[in-house]
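One letter stands for each residue in the lines below.
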Amino acid sequence: MATQVTDATFDATVLKADLPVLVDFWAPWCGPCRALGPVIDELAVELEGQVLVVKVNVDENTSAPAKYGVRAIPTLILFKNGEVLDQMTGAVSKTAIKEMLAKKAVA
Amino acid sequence: MSVYDSLIIGGGPAGMTAALYMLRSGKNVAVVEKLAPGGQLLKTAHIENYPGFVKPVGGFELADAITEQLMQYPHERITDEVAAITQESGLYLVRVGERTLTAKTVIVCSGARYKHLGVPGEERLIGKGISFCALCDGNFFRGQTVGVVGGGDAALEESLYLSNIVGKIHLIHRRSTFRGSRIFEDKVRETANIALELNTVVAEVQGENEVSGALLKDVHTGETRFLPLQGLFVFIGFDPEGDFLPAGLERDKSGFIITDCEMRTNLPGFFAAGDIRSKMCRQVATAVGDGATAAQAAYTYLETLHG
């Protein structure tokens, strides 16, 4: 399962991480977010040691989504050394996410 | 390598029903779904026209119930995307991620996806002000000015939903009349913060890192004007989810699969069910009916293979 990150833990867990981090901005009532859920959880396991996969609930945490201009969910943002490398929006496939990670040479 | 009796592509209502019927007939089945099971059910808040539910049933709830029922019957489930389908010695080879699966029959239930506008600025600004889901993203535009594009039920219903959240809505529609239900249209016309921009299309979406507005074009005069907006919600219909479909499969002008009333396509052993089919009525109830019919047709086809 992907770990839940909050506004309070975002800097330490995401921006200061040694590994690249894939953040899934989601909400429990959002259908496409729910559709993407199992894909994110599977990736968290498959990419262990290469990419940290975490989730931010935008209902409970508003600063991190606002800071990164998240205006649609689900949005996936890939971070490395505190910088945004790439992002995707919508319920996308595992293959599409892996292609993004490969393009940015993180997995 | 094992050969499936039936490979079902898509885990929405049509695919899950087809799988249920095949499994109950004792067939060996795999279901390929790129996301969680449920398909468009997961994007639907409430369903009021599915028989058997007196009170509106939540899309999630119905998806979970069908999934739970299906999981009683052992079968393989693959969470990934189909890349291509080819035929070899009477079998179908289906490439999924890095694997190639072999099946005697294929039932395609891959559904439909939101149609994009196809105008400059759109792809770049999806998720940065452009949305295809009012329920998901409405809250990000609380008190702001947004556009809604479309003239069917979806555009009207989503405008009504958004009217309670956002400050102002411009409903942009290329015709002077709406295709959607009268009941929604009347409500839209009565809603104070919805302005109608009729005979108008979006020519371009503008904005650097987020939507700043849309360039609107009058379809009669060709005149353009800039409308400042913080968000743009697009509900202009669906395209078939069928990039992987084999060459030689008969499809209609819009790319939906042509079948007979038993869900058979022009390719032997290849069936289609649900929204991916060329048809008029796309509902949960019809998807479920298609799925059951396709499974029965596939079962009959498998029987003929054994002579």
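To keep things clear, this report deals only with the structure shown in the data block. Sequence order as written defines residue numbering, which begins from 1 separately in each chain. Chain A is the first chain written and ligand 1 is the first ligand written, with later ones labelled in order. For a predicted model such as this one, the threshold for reporting local features is a pLDDT of at least 70, and the threshold for listing and counting side-chain atom pairs is 80 or more; totals across whole chains, interfaces and linings nevertheless cover every residue. Only heavy atoms go into the side-chain values, all of them from the structure, while hydrogens and water stay out.

1. Looking at the nonpolar core
As a rule of thumb, nonpolar side chains are buried together in soluble globular proteins. Among buried residues, the Ala, Val, Leu, Ile, Met, Phe, Trp, Tyr and Cys ones that are joined through side-chain atoms within 4.5 Å form a nonpolar core. Residue exposure (1.4 Å probe, protein chains only): buried if accessible area is under 20% of the type maximum, exposed if over 50%, otherwise partly exposed. L22, V53 and I97 of chain A together with I8, L62 and I107 of chain B are the most contacted members of the largest nonpolar core, which totals 54 residues. Here a strand is any run of E in DSSP of at least two residues, a helix any run of H or I of at least four, and the numbering for each starts at the N terminus. Elements represented by at least two residues in this core include exactly α2 (31-46), β4 (75-80) and α4 (94-103) of chain A together with α1 (13-24), β2 (29-32), α2 (59-70) and α7 (284-305) of chain B. At eight residues, the largest contribution of residues to this core is made by α7 of chain B. Excluding its chain neighbours within four sequence positions, the residues that come into contact with V53 of chain A are A2, T3, L22, I40, L43, A44 and L47 of chain A. Contact definition: two residues touch when any of their heavy atoms are within 4.5 Å.

2. So, the environment of L36 of chain A
Residue placement: L36 of chain A occurs in helix α2. Between the C-alpha atom of L36 of chain A and that of A91 of chain A, which follows or precedes it by 55 residues, the distance is 5.3 Å. If we skip the residues at most four places from it in the chain, L36 of chain A touches D24, P74, L76, G90, A91, V92 and I97 of chain A together with L35 of chain B.

3. A short note on the packing of aromatic side chains
To pair, rings of Phe, Tyr and Trp, with the six-membered ring standing in for Trp, must have centres within 6.5 Å; the planes then decide the type, stacked if under 30 degrees apart, edge-to-face if over 60, and tilted in the middle. Scanning the entire structure with this criterion turns up ten aromatic pairs over all chains. A centroid spacing of 6.5 Å and a plane angle of 35° characterise the contact between F10 of chain A and F25 of chain A, whose relative ring orientation is tilted. Here F25 of chain A lies in strand β2 (residues 21-26) and F10 of chain A lies in helix α1 (residues 7-15), a separation of 15 residues in the sequence. Taken individually, F10 of chain A and F25 of chain A each receive the classification buried, so the pair is uniform in this respect. With 5.5 Å between their ring centres and 75° between their planes, F141 of chain B and F233 of chain B make a pair best called edge-to-face. With F141 of chain B in the loop between α4 (134-137) and β11 (145-149) and F233 of chain B in strand β17 (residues 231-234), this pair connects stretches of sequence that are 92 residues apart. Taken together, the ring pairs connect F10, F25, Y68 and F79 of chain A into an aromatic cluster. Placement of a positive charge over a ring is assigned whenever Lys NZ or Arg CZ falls within 6 Å of the ring centre and within 35 degrees of the normal to the ring plane. Positioned above the aromatic ring of F60 of chain B is the side chain of R34 of chain A, whose terminal nitrogen or guanidinium carbon lies 4.3 Å from the ring centre. The positively charged end of R282 of chain B is found above the aromatic ring belonging to F256 of chain B, 4.1 Å away from the centroid.

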